[in-house]
2 protein chains.
Amino acid sequence: MNKPVRKSRSGARRSVTIKDVARYAGVSPMTVSRVVNGGQYVSDATRQTVMQAVRQLGYSPNLAARNLASARGERMGLLYGNPSASYLSEFLVGALDAATRHGVQLVLEKCEMTPAASRRAVRRLVAGGVVGVVLPPPLCESAVIRAELQAARMRIVAVAAGRPPADAMCVSIDDFAAAREMTQYLLALGHTRLGFIKGHPNQTASEERWRGFAAAIEEHGQLPQPRVEQGFFTFRSGLDAARKLLAVEPLPTAIFASNDDMAAAVMAEAHRRGLEVPNDLAVVGFDDSLIAANIWPGLTTIHQPIAQMAGEAVDMLVAAVRGGRRGAAAEPVHRQVAHEMITRESAARPRSAA
Amino acid sequence: MNKPVRKSRSGARRSVTIKDVARYAGVSPMTVSRVVNGGQYVSDATRQTVMQAVRQLGYSPNLAARNLASARGERMGLLYGNPSASYLSEFLVGALDAATRHGVQLVLEKCEMTPAASRRAVRRLVAGGVVGVVLPPPLCESAVIRAELQAARMRIVAVAAGRPPADAMCVSIDDFAAAREMTQYLLALGHTRLGFIKGHPNQTASEERWRGFAAAIEEHGQLPQPRVEQGFFTFRSGLDAARKLLAVEPLPTAIFASNDDMAAAVMAEAHRRGLEVPNDLAVVGFDDSLIAANIWPGLTTIHQPIAQMAGEAVDMLVAAVRGGRRGAAAEPVHRQVAHEMITRESAARPRSAA
DNA sequence: CCTCGTTTTGGTATCGCTACCATGTCTCCC
DNA sequence: GGGAGACATGGTAGCGATACCAAAACGAGG
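Worth saying up front: this structure is predicted, and the values here are computed from it rather than measured.

### Observations concerning the overall build of chain A
Move 1: The secondary structure content of chain A amounts to 13 helices and twelve strands.
Move 2: Against the globule reference of 20 Å for 354 residues, chain A gives a C-alpha radius of gyration of 26 Å, more extended than a compact globule.
Move 3: In terms of overall dimensions, chain A has a C-alpha envelope of 100 × 45 × 40 Å along the principal axes.
Move 4: Put simply, chain A has 354 residues, and 51% of those count as buried.
Move 5: For chain A, the proportion of contacts with a sequence separation of at least 24, taken over those separated by at least 6, is 74%.
Move 6: Placing the 42 positive and 32 negative side-chain charges of chain A at their respective mean positions leaves the two points 14 Å apart.

Following this line, the structure appears as structure tokens:
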């Protein structure tokens, strides 16, 4: 009449469980749980004993079980669009790291920027049980996608939007200040005839960068009107813009492109015309993408801590979802992180000032 | 004496569980489980009914519970080193996608290529409960790291190693064939004076590519000795190699660099010397990394399906771990996937043959 | 000394799912 | 006809952890 002996379901060596630790430490599983999760109401003595046991046995909590019991283990989505952003790599590293830390799963979904495609992507996310979504650029600018996600009652964190959207959480750098700083740097080097290549018009970051540039020019005063061309953040568009900027005399002595890909295009075009960078023409970019260090001369640019931003986005998402479940108000949070100007070889004093 | 009414632990609306589906479909939870997991021994009629119910209720299985119950949910590690590999982004996408499909967690760990650093990284992985590791290049070449991991009884899949290591599973392309194909392409264009830049000497892929190049030259016969320089897969090393190749007359009419970064360096140096690519000098690379399409002219190169390879690596890992638990022999598997030559603008017929 | 409140610990009932076994039902073949 | 086998379904008992409650230990105040 005794219970049948239960043989371990999987033949393999089981891993250390909370019970093993409890037995080893001579306390109950609950106490171990409290210690491991940093709960209060544990005496220092027990805490020491338990931690000792944990270390001895090499215990690491089973995420699945923990998630199941605590009804946690939400899935977070990462909706990415144009992978031209060499963002993606670093972004993923940061996001995945944070996800692992919180014990949530990260679900990737690719999405074109058409309404139909975004609707499909959102449906897939919903089907995947996702409760919150990180939106890296350029998707974070799409009101359509945000609306679509909001309709599915998802939390959203937009990353690196130029201006924080009113309807979502957001983590970004200060594009305005960064562009202003970079422009001031060029002016300090002695450049006076500047060229600027704008970013894609439907991304708010483009406008912030442009405003930062304009502000620095304004503050400096006494300068000829800068020459401005429209770009679209692609290499090709940068090439077109560079051709226009370098076709009319007097040539600018420095060109500020709104991202690195376009700056690389400017350098390519300059070389083609026999202009030497940085001496004949200074070129600076924005983003510090992979290409920046992998061309010659290296590109002076603005570095964004992408991995950190992605990580914080996931943090915010987790906090919002867990907080929200406990009824805390989910007011949109906007977090700004520090950027950094990276000085490489592509900008120097102009010939005239040498 | 009746059981206390259990109030749902989290105030929030519970999600649909397998029981809900079972009740709705009028079958037992077990049957639902079998349908959802594609098990056998379910009649078509019941299967239809259940799938209908699943769709109606928008049921999505709880991963945590599933993993817990089936003692699955292993964690897989992804040990990455030199992020110069613009591989990483695509690699992560592929790996994460596969991980999500299998319901395993992916743990990222960065690691320098020194013995001390790798030991530390492995220890962190072990502590994280990781049971298998994907090794993208260049870490997959490090015998030290492989030994270290093996000592911790982890399964390993090396990705894109030139020659499959004897002690690990492996997924890669045929570097030899790809390089041979590319060289044949150059020869078919009419080039006769070729230059070659080798990759990092401690990566087996370098040698395979070099052998492929040499084989094509050999097969063609009747050619002047190609000029060869040593590179290290970095932009900078490519620049040095290019300087040497372009310093001695007669100049080569085509240069094959063992990766894209070095090819980009060749193009930069060529431009600096007033050589026009592709008409004065054809340049081809290998990898189809981001930079290949983002320089001008676009780089003709070999495309590796990185995401796919990463995905297959995770698949293999999961299969090995789960199979291994059931006692299946874990013989090392080597899988080769197809590469593709991408023709862009950086290679054309030589002037002399025009 | 007893009550009250706070700190510390343990017991029990799940979380949602699947492994394993038991039970039927139906066909096949000696 | 009846035993063997394939097929189809249901019941039960956990996986490893936490939530919730109860109980024990302790100190303070009346």
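### Here we look at the relation of the copies chain A and chain B
Move 1: Superposition record for chain A on chain B: RMSD 0.3 Å, screw rotation 180°, translation along axis 0.1 Å. Taken together, these values place the two copies in the relation of a two-fold axis. Taking C-alpha positions as the reference, the residue of chain A nearest the rotation axis is S89 of chain A, at 1.9 Å.

### Considerations on the sheet that holds strand β11 (residues 334-336) of chain A
All names here are of chain A.
Move 1: Judged by pairing direction, the sheet is parallel, and its six strands sit side by side in the order β2-β1-β3-β4-β5-β11 without closing on themselves. Bordering the open sheet on either side are β2 (105-110) and β11, each of which pairs with just one other strand. Direction aside, the axes of adjacent strands within the sheet are offset by 20° on average.
Move 2: Pairing of strand β1 (residues 75-80) with strand β3 (residues 130-135) involves four bridges; the strand directions are parallel. For M76, the partnering residue across the bridge sits in β3 and is G132.

### A word on the sheet that holds strand β4 (residues 155-159) of chain B
Move 1: Within the open sheet, the six strands sit side by side as β2-β1-β3-β4-β5-β11 (chain B). Their pairing is parallel. Because the sheet does not close on itself, it has two edges, and the strands there are β2 (105-110) and β11 (334-336) of chain B. The sheet shows a mean angle of 20° between the axes of neighbouring strands, direction not considered.
Move 2: By the bridge criterion, six bridges tie strand β1 (residues 75-80) of chain B to β2 of chain B in an arrangement that is parallel. The partner of Y80 of chain B across the bridge, within β2 of chain B, is K110 of chain B.
Move 3: Lying on the sheet, helix α5 (residues 87-102) of chain A is in contact with β1 and β2 of chain B; it crosses β2 of chain B at an angle near 120°.
Move 4: Helix-sheet contacts for helix α7 (residues 143-151) of chain B involve β1, β3 (130-135) and β4 of chain B, and the interaxial angle to β3 of chain B is about 165°.

### Some points on the protein's contact with DNA strand D
Move 1: The local shell around DNA strand D holds 27 residues, among which I18, S33, N37 and Y59 of chain A together with T31 of chain B are the closest.
Move 2: Expressed as a percentage, the sugar and phosphate content of the atoms of DNA strand D within 4 Å of the protein is 66%.
Move 3: Between a phosphate oxygen of DNA strand D and a side-chain N or O atom of N37 of chain A, the distance comes to 2.5 Å.
Move 4: Within the contact set of DNA strand D, a phosphate oxygen lies 2.8 Å away from a side-chain nitrogen or oxygen of Y59 of chain A.
Move 5: Going through the elements one at a time, α2 (29-36) and α4 (63-70) of chain A together with α2 (29-36) and α4 (63-69) of chain B are the ones with two or more residues in the surface near DNA strand D.
Move 6: When residues in the surface near DNA strand D are grouped by element, the largest group, five residues, is from α4 of chain A.
Move 7: Tallied by class, residues from the surface near DNA strand D come to 13 nonpolar, nine polar and five charged.

### A word on helix α10 (residues 235-245) of chain A
Move 1: Those residues of α10 of chain A not exposed but buried are F235, S237, G238, L239, A241, A242 and L245 of chain A.
Move 2: Those residues of α10 of chain A hidden inside the fold are in contact with β6 (194-198), β7 (227-230), β8 (254-257) and α11 (260-272) of chain A.

### What to know about the domain arrangement of chain A
Residue and element names in this part refer to chain A.
Move 1: Considered domain by domain, chain A is made up of domain 1 (18-61), domain 2 (73-173 + 306-339) and domain 3 (175-303).
Move 2: One C-alpha centre belongs to domain 2, the other to domain 3; they are set 30 Å apart.
Move 3: Opposite the eleven residues of domain 2 that make contact, domain 3 presents 17 residues.
Move 4: Summing the contributions of domain 2 and of domain 3, the shared interface buries around 1200 Å²; its carbon and sulfur component is 47%.
Move 5: Our enumeration of links across domain 2 and domain 3 arrives at two salt bridges.
Move 6: Here E207 makes a salt bridge to R163, at a shortest N to O gap of 3.8 Å.
Move 7: At the junction of domain 2 with domain 3, the criterion picks out six residue pairs in polar contact (both at pLDDT 80 or more).
Move 8: Tallied by class, residues from the side of domain 2 that touches domain 3 come to five nonpolar, four polar and two charged.

Reading the values: the criteria
- Residues numbered from 1 in each chain as written.
- Chains lettered and ligands numbered in written order.
- Predicted model: local features only at pLDDT ≥ 70, side-chain atom pairs only at ≥ 80, totals over all residues.
- Heavy atoms only, no water.
- Helix = DSSP H or I, 4+ residues; strand = E, 2+ residues; numbered from the N terminus.
- Rg over C-alpha atoms; globule rule 2.2 N^0.38 Å.
- Buried < 20%, exposed > 50% of the residue type's maximum accessible area, 1.4 Å probe, protein only.
- Contact = heavy atoms within 4.5 Å.
- Lys, Arg positive; Asp, Glu negative; His and termini not counted.
- Charge placed at Lys NZ, Arg CZ, Asp CG, Glu CD.
- Least-squares fit on C-alpha atoms with pLDDT ≥ 70 in both.
- Pairing = 2+ DSSP bridges.
- Axes fitted to C-alpha atoms, helices over the stretch in contact; angles between N-to-C directions.
- Near = heavy atom within 4 Å.
- Polar contact = N/O pair within 3.5 Å; in protein donor to acceptor, adjacent residues only side chain to side chain.
- Nonpolar A, V, L, I, M, F, W, Y, C, P; charged D, E, K, R; others polar.
- Domains from an automatic or database assignment.
- Buried area = accessible area lost by both parts, 1.4 Å probe.
- Salt bridge = Lys/Arg side-chain N within 4 Å of Asp/Glu carboxyl O.

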